[in-house]
Amino acid sequence: MQRNGGGVGVGGQPWVFRRVRLTWLSFMLFFILVFFPLIAHYYLTTIDEAGGPDKRIFGPRPGGEMCEAKHVQDLCRIRESVSEELLQLEAKRQELNGEIARLNLRIEACKRSIDSAKQDLLQLKNVISQTEHSYKELMAQNQPKLSLPVRLLPDKEDPGLPPPKSPRSCRLCSCFDYARCPLTSGFPVYVYDTGSYPWGDYLDPLVKQAFAAAVKSNIYITDNPSIACLYLVLVGELQESPSSPLPAPSELEKQLKALPYWRSDGHNHVLVHLSRKYMTQNFLYNVSTGRAAVAQSTFLEQQYREGFDLVVSPLVHALSEPNFLEVPPQVPVKRKYLFTFQGERVESLRSSLQETPPQSFEEELEGDPPADYDDRIIGTLKAVQDSHLDLVLVEFTCKSPRPSLATEWALCGEREDRLEVLKASTFALVIAAGDGQLVTSAGFGMRLFEALEVGAIPVILGDHSKLPYHQFICWSEAAIIVPKPRVTELHFLLRSLSDNDMLAMRRQGRFLWETYFSTSENVLNTILASIRTSIQVPAAPIKEEPVHEIPHKAGKLAGTDANLADNGDLDLGPVETEPPYASPRFLRNFTYTAADTYRAWNRAPGPFHLFPHTPLDPVLPSEAKFLGSGTGFRPIGGGTGGSGKEFQAALGGNVPREQFTVVMLTYEREEVLMNSLERLNGLPYLNKVVVVWNSPKPPSDDLLWPDIGLPIVVVRTEKNSLNNRFLPWDAVETEAILSIDDDAHLRHDEIMFGFRVWREARDRIVGFPGRYHAWDVNHQSWLYNSNYSCELSMVLTGAAFFHKYYAYLYSYVMPQAIRDMVDEYINCEDIAMNFLVSHITRKPPIKVTSRWTFRCPGCPQALSHDDSHFHERHKCINFFVKVYGYMPLLYTQFRVDSVLFKTRLPHDKTKCFKFI
């Protein structure tokens, strides 16, 4: 054991020494490998620095002493060669980087050039397509160009017409000389100066004066009788006095035949008898009027010639203008009384001529001679009053009855007292004369006039009476006409009517009263319009506002802001190379008169004007544009449809191609105006820009206007008025008008989308900022509200499309009181236009896109930021409601976006608009 242990100890000692030696050698090797290079480097560096530049070991040495040792020289040469190569490589790298940058710039320029070339190619294709369409349309000529026919002048001898079989058989075809009234004559009317004729001394002075004033303002009146189509003779109302009795019928007949242009039979003459009294004597009853038509308020059956003579309304407001603010509102629909009637029966002809026992309704309906229903009407109406089911007022005796003709009901009391009762009446009974021989009378017309004036719906008892201008006016829309045998069912009938129907009838009655009966001027215009419509002569064209242009000079070419016109890879529409084209005008001159009589007479504004175009013109069916009636149409994809690219290449839609005009109102903000005009550069379908310069100061002499490639017409106005925005300027040659403020920022795609939407809703305002009218519960009135809302009823015309037709109505038809208030407040013109369009169409406006307001960075503060602005608009709304008699604005709960907006599409399809 010891030996083993000793062996281990003896044998282990060399192993220990070997391990120690190995550790020492490793340490020494580490020291040499690590510290020796460091020491050598330090030493060499120190010597190199201490020896100066001439004795450096590693630096270049002059005189060939750079490297003495051969291996050191080789290393130096290698070092210098590598350094030189590195420098060359760095220079090469920088050169290549510069070349790459230059190539990248060229690539980007090429890409832009390719994109521009693609757009130019697409536009060129569109232009070629448009030119091909125009060429085909010119070759086809499916709507030939017509020239005005040569005017037919009457023969100087004027041999006259063949006499009719009897004066009672006179009709237009047999008693009217159409040769004096060609379609293009302009309907000249000659008015006799009745003061120079014997019966003129008997004329009511008020009637005579009112008639003269109406004639003076009428556009059809001519002083040349040789070219006249029509001759007017005022023959009444006559006044009789004890000292000067009225001329006998035979004497009046002789005086009429002595008129210089009577031409033996009086053809193309109209004898006008205007009634101002409750009872007007029918003194023309025994006068032979020949071929002259008679226009008056009282006719007997033996006297009236259907389709030739005219039943006119009484002349209530002879010289005074009615105050529309005093007319009661149309709402609430139901008033205090369900119906009222005040009148006293005049002795009837039947009861004075014969005494017969009363007949029952059944006997009368079986074909027996008609009886006098007045007694039964009295009994029925009194029974309704006594039933107390509804509050009614019927009075059959008067304290002071007005003189009336036989068989009719006399008016009771003074006009003011009757109007107070009618203001509280939902319906007003108008009982026809008891004798059927009395077709109509002045008293009957007076009752109808007063009911319409204050909004009481007329109920005509007796369907045999002739209402004023019944050939053209659809009286069933404004009055309830009931045969007298149905008087027992009258109460049930009136109670069954809904509020909607009653308000529609009251509104239509208000339109008829304002348009045809309210003033002497309206009465004369209606008489002439009736005859003109009967002979199918178009009305005179409505006037346009002449433009007094301010000279200006264009500056540099305007650029296009990509942010305002961005629509992705799609073009917003073809840029036409041909000059801007105007909308066709007066295409429906004769069809509007001959075929659209109902709408012309029963819808605002009436038949008094001929418009170049209206938003209500009929639309062709879809297949017509491919089957012979395709003039001007540009279907999407030629009729096959398509997505974005095909959509933007053509207007499509249901009407032919067209353009729009920008009307921009401005006031002393030249920089803002120039920026706004420049943003219109490159806008497709733009015809021209009309700048309404509302400032009395002209533009600066050194002001340079942008050249946008289209005409810019700067209009000088007579005064600073916001109504100038809606004047129908003759420079506006398109149906579509984009009314825009000078500080409104709209992208091109927004404008184009609004234009496309308007083309499908031409009778409405289509725009961007929406507003609404809110009901003030505390004050029971209306408020103007601009807060964000899910309902709107107005679109501000600071950025909106509308039809030029409404510019005519705003300037020449809308009540003057509204325009006066706009001038007084310098505010509310946009509200007034919304009122007008909603009143005409009974439709709300259309809002497009999500815009609610506009922001104009750097623009001067607008008037709308003032607190008084909203107070004035509150007042405007309530004032306009008084003028119209009701609130015409209607609510809408949607806005319009593009068809494919937010729709997922296949990769090969594109949206109609990128952001809309």
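Residues numbered from 1 in each chain as written. Predicted model: local features only at pLDDT ≥ 70, side-chain atom pairs only at ≥ 80, totals over all residues. Heavy atoms only, no water.

## A short note on the pairing of strand β13 (residues 457-461)
Turning to step 1, where the next piece is worked out: Within β13, 5 of the 5 residues are buried, leaving the element largely enclosed by the surrounding structure.
Turning to step 2, where the next piece is worked out: The alternating pattern of β13 places Ile 457, Val 459 and Leu 461 on one face and Pro 458 and Ile 460 on the opposite face, and all of these are buried.
Turning to step 3, where the next piece is worked out: When strand β11 (residues 425-431) meets β13, the two strands line up parallel, connected through 5 bridges. If you follow Ala 428 over to β13, its bridge partner there is Pro 458.
Turning to step 4, where the next piece is worked out: Relative to strand β14 (residues 480-482), β13 runs parallel, the two being bridged by 3 bridges. In the sheet register, Ile 460 faces β14, and the bridge partner there is Ile 481. (Buried < 20%, exposed > 50% of the residue type's maximum accessible area, 1.4 Å probe, protein only. Helix = DSSP H or I, 4+ residues; strand = E, 2+ residues; numbered from the N terminus. Pairing = 2+ DSSP bridges.)

## Here we look at the packing of helix α10 (residues 442-454) against helix α12 (residues 499-517)
Turning to step 1, where the next piece is worked out: Remark: α10 packs on α12, axes separated minimally by 8 Å, with the N-to-C direction vectors making an angle of 120°. Taken as a pair, α10 and α12 cross one another with a handedness that is left-handed. For the pair α10 and α12, contact is made by Phe 449, Leu 452 and Glu 453 and by Gly 509, Trp 513 and Phe 517, respectively.
Turning to step 2, where the next piece is worked out: When the residues that make up the contact of α10 with α12 are grouped by side-chain class, the tally is 4 nonpolar, 1 polar and 1 charged. (Axes fitted to C-alpha atoms, helices over the stretch in contact; angles between N-to-C directions. Left-handed = near helix turned anticlockwise from the far one by under 90°. Contact = heavy atoms within 4.5 Å. Nonpolar A, V, L, I, M, F, W, Y, C, P; charged D, E, K, R; others polar.)

## Structural notes on the sheet that holds strand β17 (residues 686-693)
Strands in a sheet are paired, the pairing made by backbone hydrogen bonds, and the direction either parallel or antiparallel.
Turning to step 1, where the next piece is worked out: Read across the open sheet, the 8 strands follow the order β19-β17-β16-β20-β25-β21-β26-β27; overall the sheet is mixed. Two strands close off the open sheet at either side, each with one partner strand: β19 (712-716) and β27 (895-896).
Turning to step 2, where the next piece is worked out: Bridge count between strand β21 (residues 766-767) and strand β26 (residues 846-848): 2 bridges; the pairing is parallel. Residue pairing for β26: Val 766 is matched across the bridge by Ile 846.
Turning to step 3, where the next piece is worked out: On the sheet, helix α18 (residues 670-678) packs against β16 (660-666), β17 and β19 and is oriented at approximately 175° with respect to β17.

## Thoughts on the pattern of salt bridges
Turning to step 1, where the next piece is worked out: Under the criterion given, the structure shown has 36 salt bridges.
Turning to step 2, where the next piece is worked out: Among the salt bridges present, the one from Arg 486 reaches Glu 489, with a minimum N-O distance of 2.6 Å.
Turning to step 3, where the next piece is worked out: A salt bridge links Glu 544 to Lys 804; the shortest N-O distance between them is 2.9 Å. With Glu 544 in the loop between α13 (520-534) and β15 (553-557) and Lys 804 in helix α20 (residues 804-813), the pair connects residues that are 260 residues apart, well separated along the chain. (Salt bridge = Lys/Arg side-chain N within 4 Å of Asp/Glu carboxyl O.)

## Topic: the side chain of Ser 518
Turning to step 1, where the next piece is worked out: Looking at where Ser 518 falls in the secondary structure, it is placed in the loop between α12 and α13.
Turning to step 2, where the next piece is worked out: The class of Ser 518 is buried, set by a relative accessible area of 1%.
Turning to step 3, where the next piece is worked out: Here the side chain of Ser 518 touches Glu 514 through a polar contact of 3.0 Å, landing on its backbone oxygen.
Turning to step 4, where the next piece is worked out: A distance of 2.9 Å separates a polar atom in the side chain of Ser 518 from a polar atom in the side chain of Asn 522.
Turning to step 5, where the next piece is worked out: Leaving out residues up to four positions away in the same chain, Ser 518 has contacts with His 317, Pro 322, Phe 449 and Trp 513. (Polar contact = N/O pair within 3.5 Å; in protein donor to acceptor, adjacent residues only side chain to side chain.)

## Topic: the sheet that holds β11
Turning to step 1, where the next piece is worked out: Spatially, the 5 strands line up as an open sheet ordered β9-β7-β11-β13-β14, and their pairing is parallel. The strands lining the two open edges of the sheet, one partner per strand, are β9 (393-395) and β14. In this sheet, neighbouring strand axes are inclined to one another by 20° on average, regardless of whether the strands run parallel or antiparallel.
Turning to step 2, where the next piece is worked out: Here strand β7 (residues 337-342) pairs with β11 via 3 bridges, running parallel. Note that in β11 the partner of Thr 340 across the bridge is Ala 428.
Turning to step 3, where the next piece is worked out: The strands that helix α8 (residues 374-387) touches are β7, β9, β11 and β13; relative to β9, the one it contacts most, it runs at about 145°.
Turning to step 4, where the next piece is worked out: The strands touched by helix α9 (residues 415-423) are β7, β9 and β11; relative to β11, the strand with the most contacts, the crossing angle is about 125°.

## Points about the nonpolar core
Turning to step 1, where the next piece is worked out: Residues Phe 187, Leu 230, Leu 232, Leu 256, Leu 274, Phe 517 and Ile 527 are the most contacted members of the largest nonpolar core, which totals 89 residues.
Turning to step 2, where the next piece is worked out: Apart from the residues within four sequence positions on either side, Leu 274 is in contact with Val 207, Phe 211, Leu 234, Gly 236, Glu 237, Leu 315, Val 523 and Ile 527.
Turning to step 3, where the next piece is worked out: One finds Trp 782, Ala 807, Ala 832 and Ile 877 within the second-largest nonpolar core, a separate group that totals 52 residues. (Core = buried A, V, L, I, M, F, W, Y, C linked by side-chain atoms within 4.5 Å.)

## Focus: the packing of α20 against helix α22 (residues 829-841)
Turning to step 1, where the next piece is worked out: Look at α20 against α22: their axes get within 10 Å of each other, and the N-to-C directions meet at 110°. Judged on the interaxial angle alone, α22 and α20 are roughly perpendicular. When α20 is examined against α22, the residues Tyr 806, Leu 809 and Tyr 810 are found in contact with a partner set consisting of Glu 829, Ala 832, Met 833, Leu 836, Val 837, Ile 840 and Thr 841.
Turning to step 2, where the next piece is worked out: Grouping the amino acids of the contact of α20 with α22 by side-chain chemistry returns 8 nonpolar, 1 polar and 1 charged. (Parallel < 35°, antiparallel > 145°, perpendicular 65-115°, else oblique.)

## Focus on the side chain of Thr 440
Turning to step 1, where the next piece is worked out: Examined against the element boundaries, Thr 440 turns out to sit in strand β12 (residues 438-440).
Turning to step 2, where the next piece is worked out: Looking at Thr 440, the relative accessible area reads 4%, which means it is buried.
Turning to step 3, where the next piece is worked out: Among the polar contacts listed, one links the side chain of Thr 440 to the backbone oxygen of Lys 466, at a separation of 3.3 Å.
Turning to step 4, where the next piece is worked out: Not counting residues up to four positions away in its chain, the partners in contact with Thr 440 are Ser 297, Thr 298, Phe 299, Val 311 and Lys 466.

## Description of the packing of aromatic side chains
Turning to step 1, where the next piece is worked out: As enumerated under the stated definition, the model contains 39 aromatic pairs in all.
Turning to step 2, where the next piece is worked out: Their ring planes at 5° and their centres at 6.0 Å tell us that Trp 475 and Phe 517 sit as a pair that is stacked. Of this pair, Trp 475 sits in the loop between β13 and β14 while Phe 517 sits in helix α12, and the two are 42 residues apart along the sequence.
Turning to step 3, where the next piece is worked out: Of the residues examined, Trp 475 reaches a relative accessible area of 4% and is grouped as buried.
Turning to step 4, where the next piece is worked out: Feature note: the residues Tyr 469, Phe 472, Trp 475, Phe 511, Tyr 516, Phe 517, Trp 601 and Phe 608 constitute an aromatic cluster, connected by ring pairs.
Turning to step 5, where the next piece is worked out: Of note, Arg 756 hangs over the ring of Phe 647, and the distance from its end group to the ring centre comes to 4.0 Å.
Turning to step 6, where the next piece is worked out: Lying across the ring of Tyr 784, Arg 873 places its NZ or CZ 4.3 Å from the centre. (Phe/Tyr/Trp six-rings, centres within 6.5 Å; stacked < 30°, edge-to-face > 60°. Lys NZ or Arg CZ within 6 Å of the ring centre and 35° of its normal.)

## Section: the environment of Thr 593
Turning to step 1, where the next piece is worked out: Checked against the element boundaries, Thr 593 lands in helix α15 (residues 589-594).
Turning to step 2, where the next piece is worked out: In this structure the C-alpha to C-alpha distance between Thr 593 and Leu 610, which are 17 residues apart in sequence, comes to 8.8 Å.
Turning to step 3, where the next piece is worked out: Every residue in contact with Thr 593, bar those within four places of it in the chain, is listed here: Thr 533, Gln 536, Val 537, Pro 538 and Ala 539.
Turning to step 4, where the next piece is worked out: Polar contacts involving the side chain of Thr 593 include one to the main-chain carbonyl oxygen of Asn 589, which spans 3.3 Å.

## Here's the deal with the confidence of the model for the chain
Turning to step 1, where the next piece is worked out: Within the chain, residue pLDDT values average 84, and 83% of them lie at 70 or more.
Turning to step 2, where the next piece is worked out: Predicted confidence is poor over residues 1-12, with pLDDT under 50, and the contacts of this stretch with residues over four places away or in other chains come to 0 contacts.
Turning to step 3, where the next piece is worked out: Predicted confidence for residues 53-59 stays below pLDDT 50, and this span has 14 contacts to residues more than four positions away or in other chains. (pLDDT = per-residue confidence, 0-100.)

## Examining α10
Since there are 3.6 residues in each turn of an α-helix, residues three or four apart along the chain are aligned in direction.
Turning to step 1, where the next piece is worked out: With 13 residues, α10 should reach 18 Å at 1.5 Å per residue; the first-to-last C-alpha distance of 19 Å fits that figure.
Turning to step 2, where the next piece is worked out: Most of α10 sits out of view: 13 of its 13 residues are buried.
Turning to step 3, where the next piece is worked out: Of the residues one or two after α10, Gly 455 is the one with positive phi, at around 85°. (Expected span 1.5 Å × (residues − 1).)

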